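Architecture and fold: a report
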Amino acid sequence: MKTSTKKLLDRLRNAEKIRVLFVCLGNICRSPAAEALMLDSVERHGDNWRWEIDSAGIGSWHIGQLADKRMRVHAQRRGYTLTHRARQVSPIDFERFDLIIAMDAQNESDLHDIAPSPEACDRIVRMNEFVDMTTRYDYIPDPYYEGAEGFELVLDLLENGTENLHRILTE
């Protein structure tokens, strides 16, 4: 984990409220899945009152749409329901959220371009910083053009990453 991420998480660990935004390209696969898995994690741990969790996309192509049907189906098989409707990330999100989690390097770069200040950039981290399972990926791959295996892989990575994020911020 990067030193800057560790410092940010140390500050958030003692916060009364933890506000997390998950971001991917279109907000129809990875980020709404991360949102649903994180919501499930905080619910299971009984501290959902302490969290505000949302997701957004870099682009505006899917605004108002539910998550990709394939992601909804794969998530449902694991007991998760994805009800989020896609929205585009905006500069105000950098004021509203303490932690903005990008799914890959391009999302991270785009978020830095959108961020209204250097302080806002300090809130951006990559999801893979929380994934500790063995994988060949150093990012959360976009399953949009993949088959069923791609959606299952993303859910595996996000289950691991969201559980670790919860643990790190509540120990």
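My aim in this report is to walk through the structure given alongside it, one point at a time. (Residues numbered from 1 in each chain as written. Predicted model: local features only at pLDDT ≥ 70, side-chain atom pairs only at ≥ 80, totals over all residues. Heavy atoms only, no water.)

Our focus in this paragraph is the pattern of salt bridges. Counted by the stated rule, this structure contains 19 salt bridges. Between Arg-44 and Glu-163 there is a salt bridge, with its nearest N and O atoms 2.4 Å apart. Pair noted here: Arg-44 is in helix H2 (residues 30–45) and Glu-163 is in helix H7 (residues 148–170), with a separation of 119 residues, a long-range link. Among the residues examined, Glu-163 registers a relative accessible area of 26% and is labelled partly exposed. In this structure, Arg-87 and Asp-93 form a salt bridge, with 3.0 Å as the shortest nitrogen-oxygen distance. (Salt bridge = Lys/Arg side-chain N within 4 Å of Asp/Glu carboxyl O. Helix = DSSP H or I, 4+ residues; strand = E, 2+ residues; numbered from the N terminus. Buried < 20%, exposed > 50% of the residue type's maximum accessible area, 1.4 Å probe, protein only.)

Let us now look at the pairing of strand E1 (residues 18–24). Across the 7 residues of E1, 6 count as buried, placing the element largely inside the fold. In the sheet, E1 pairs with strand E2 (residues 51–57) via 7 bridges, with the strands oriented parallel. Within E2, the residue paired with Phe-22 across the bridge is Ser-55. What joins E1 to E2 is H2, and the crossover it makes is right-handed. By the bridge criterion, 4 bridges tie E1 to strand E3 (residues 99–102) in an arrangement that is parallel. Residue Val-20 lies in a different strand from E3, and its bridge partner there is Leu-99. (Pairing = 2+ DSSP bridges. Right-handed = clockwise from strand over helix to strand, strands pointing away.)

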